[in-house]
Amino acid sequence: MHEDIFLKVDNYISNLLGIEDKALTDTIRSLDDEGIPQISVSANHGKFLQVLMISCNAKRVLELGTLGGYSTIWQARALPEDGKLISLEMDPRYAAVARKNIENAGLSSKVDIRVGKALDLLPVLLAENEAPFDFIFIDADKPPYKEYFDYALKLSRPGTLIVCDNVVREAKILDPDSTDERVKGVQRLNESLKHNKQVTATIIQTVGVKEHDGMIIAVVNRTGE
Ligand code: SAM
């Protein structure tokens, strides 16, 4: 692998097009301060989420996995004035840190962080008629990724973009005998997409400041396609 060159190019891109302001660097620092793992998306991936959101005029966004709010801030900044983002986080301590970071970024009025297990909160969103979302970012625990994607479809409309992070896992997905539940979880989702007629989907490999990984990009098809 060419980690060194991937890192240099990633830094070149982020220095041009993915520049973090103080609210974002403070968010990254808050993770160290609070003993929270540094597993946020990269700056370039945050910018990528913004590009995707703007391309589909996203006004209503759902995120699974808030951590300290880093990806939440990137996404909330790409919302229109009356836009709304709901982010689901299992750990109340992480959610409290994220709320502070989001407030520091001046985005509290647009962001609703809900605390609990995503598989418990998703049916509540359905029951509350929060759907449809225009953009859904799945970045929580990996074993139930297929179930998360199925819920995302229920909470979508034709044209909704669904993005799922960490679905390549340094190529570990190539191992059909993997016993890693995270790998098995993303394999189950990746492979289900082959026959899923509800979406047009692909997987983009990613390299750079984060390990070799990848994202599913899926768009919900118009009915009848
Ligand atoms: N999206 C964040 C970012 O880029 O800044 C990173 C999210 S981190 C990779 C995954 C998050 O999902 C962690 O904060 C973890 O606590 C949360 N999580 C794990 N299992 C969960 C579950 N069952 N329901 C909701 N959140 C969960």
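Structure first, text after, so check above.
Residues numbered from 1 in each chain as written. Predicted model: local features only at pLDDT ≥ 70, side-chain atom pairs only at ≥ 80, totals over all residues. Heavy atoms only, no water.

1. Re the overall build of the chain
Step number 1: Each helix and strand counted, the chain has 8 helices and 7 strands in total.
Step number 2: Rg of the C-alpha trace for the chain: 17 Å, near the compact-globule value of 17 Å for 225 residues, within the 12% margin.
Step number 3: C-alpha atoms of the chain, sized along the principal axes, occupy 45 × 45 × 30 Å.
Step number 4: Looking at the 225 residues of the chain, the share that counts as buried comes to 51%.
Step number 5: Partitioning the intrachain contacts of the chain with sequence separation of at least 6 by distance along the chain shows that 70% fall at a separation of at least 24.
Step number 6: Of the roughly 11200 Å² of accessible surface on the chain, a fraction of 54% belongs to carbon and sulfur atoms.
Step number 7: Of the side chains in the chain, 27 bear a positive and 34 a negative charge, and the two mean positions are spaced by 4 Å. (Helix = DSSP H or I, 4+ residues; strand = E, 2+ residues; numbered from the N terminus. Rg over C-alpha atoms; globule rule 2.2 N^0.38 Å. Buried < 20%, exposed > 50% of the residue type's maximum accessible area, 1.4 Å probe, protein only. Contact = heavy atoms within 4.5 Å. Areas by Shrake-Rupley, 256 points an atom, 1.4 Å probe, with all protein chains shown as cover. Lys, Arg positive; Asp, Glu negative; His and termini not counted. Charge placed at Lys NZ, Arg CZ, Asp CG, Glu CD.)

2. Structural notes on the sheet that holds strand β7 (residues 213-220)
Within a beta sheet, neighbouring strands are joined by backbone hydrogen bonds and run either parallel or antiparallel to one another.
Step number 1: Read across the sheet, 7 strands follow the order β3-β2-β1-β4-β5-β7-β6 without closing on themselves; strand pairing throughout is mixed. The open sheet has two free edges, formed respectively by β3 (111-115) and β6 (199-206), since each of these has just one partner strand. Taken over all neighbouring pairs, the strand axes of this sheet differ in orientation by 15° on average, direction set aside.
Step number 2: Across 5 bridges, strand β1 (residues 60-64) lies against strand β2 (residues 84-89) in parallel orientation. Pairing of Leu-62 across the sheet is with Ile-86, part of β2.
Step number 3: Lying over the sheet, helix α5 (residues 92-104) contacts β2 and β3, oriented at roughly 170° with respect to β3. (Pairing = 2+ DSSP bridges. Axes fitted to C-alpha atoms, helices over the stretch in contact; angles between N-to-C directions.)

3. Here's the deal with the pattern of salt bridges
Step number 1: Going through the model one piece at a time under the given rule, you end up with 17 salt bridges.
Step number 2: We note a salt bridge from Lys-184 to Glu-181, for which the minimum N-O separation is 3.4 Å. Here Glu-181 and Lys-184 lie together in helix α8 (residues 181-192), a separation of 3 residues that amounts to about one turn.
Step number 3: Residue Lys-184 is classed as partly exposed on the basis of its relative accessible area, which comes to 36%.
Step number 4: Using a relative accessible area of 46% as the deciding quantity, one classes Glu-181 as partly exposed. (Salt bridge = Lys/Arg side-chain N within 4 Å of Asp/Glu carboxyl O.)

4. What about the nonpolar core?
Step number 1: Membership of the largest hydrophobic core comes to 30 residues, with the highest contact counts inside it found for Met-53, Val-61, Ile-102, Leu-107, Val-111, Phe-135 and Val-163.
Step number 2: Counting residues per element, the ones that place at least two in this core are α2 (22-33), α3 (43-55), α4 (70-76), α5, β3, β4 (135-138), β5 (161-165) and β7.
Step number 3: When residues no more than four places from it in sequence are discounted, the contact partners of Ile-102 are Gly-69, Thr-72, Ile-73, Leu-107, Ser-108, Val-111 and Ile-113.
Step number 4: Counting 29 residues, the second-largest nonpolar core is a separate cluster that includes Leu-88, Phe-133, Tyr-145 and Val-167. (Core = buried A, V, L, I, M, F, W, Y, C linked by side-chain atoms within 4.5 Å.)

5. Structural notes on a nonpolar patch on the surface
Step number 1: Residues Ile-5, Val-9, Tyr-12, Ile-13, Leu-16 and Leu-17 make up a contiguous nonpolar surface patch of roughly 590 Å² in combined accessible area.
Step number 2: Its location among the elements puts Ile-5 in helix α1 (residues 3-17). (Patch = residues over 30% accessible without salt bridge, like charges linked within 9 Å, V, L, I, M, F, W, Y side chains within 5 Å.)

6. With respect to the site of the ligand
Step number 1: With respect to spatial proximity, 19 residues lie near the ligand, and among them Val-41, Gly-65, Ser-71, Glu-89 and Asp-139 are the closest.
Step number 2: A distance of 3.3 Å separates an oxygen atom of the ligand from a polar backbone atom of Leu-67.
Step number 3: Residue composition of the shell around the ligand, by class: 9 nonpolar, 5 polar and 5 charged. (Near = heavy atom within 4 Å. Polar contact = N/O pair within 3.5 Å; in protein donor to acceptor, adjacent residues only side chain to side chain. Nonpolar A, V, L, I, M, F, W, Y, C, P; charged D, E, K, R; others polar.)

7. Here's the deal with unusual backbone geometry
Residues apart from glycine generally show negative phi values, whereas peptide bonds are mostly found in trans.
Step number 1: A positive phi is found at Asn-129, a non-glycine position, where the angle reads about 55°.
Step number 2: Assignment of secondary structure puts Asn-129 in the loop between α6 (118-127) and β4.
Step number 3: Judged by relative accessible area, which is 63%, Asn-129 ranks as exposed.

8. Quick word on the environment of Ile-162
Step number 1: Among the structural elements, Ile-162 can be located in strand β5.
Step number 2: Classification of Ile-162 by relative accessible area gives buried; the value is 0%.
Step number 3: Sequence separation between Ile-162 and Leu-62 is 100 residues; the distance between their C-alpha atoms is 9.5 Å.
Step number 4: Leave out the neighbours within four places in its chain, and Ile-162 touches Ile-136, Ile-138, Phe-149, Ala-152, Leu-153, Ser-156, Ile-216, Ile-217, Ala-218 and Val-220.

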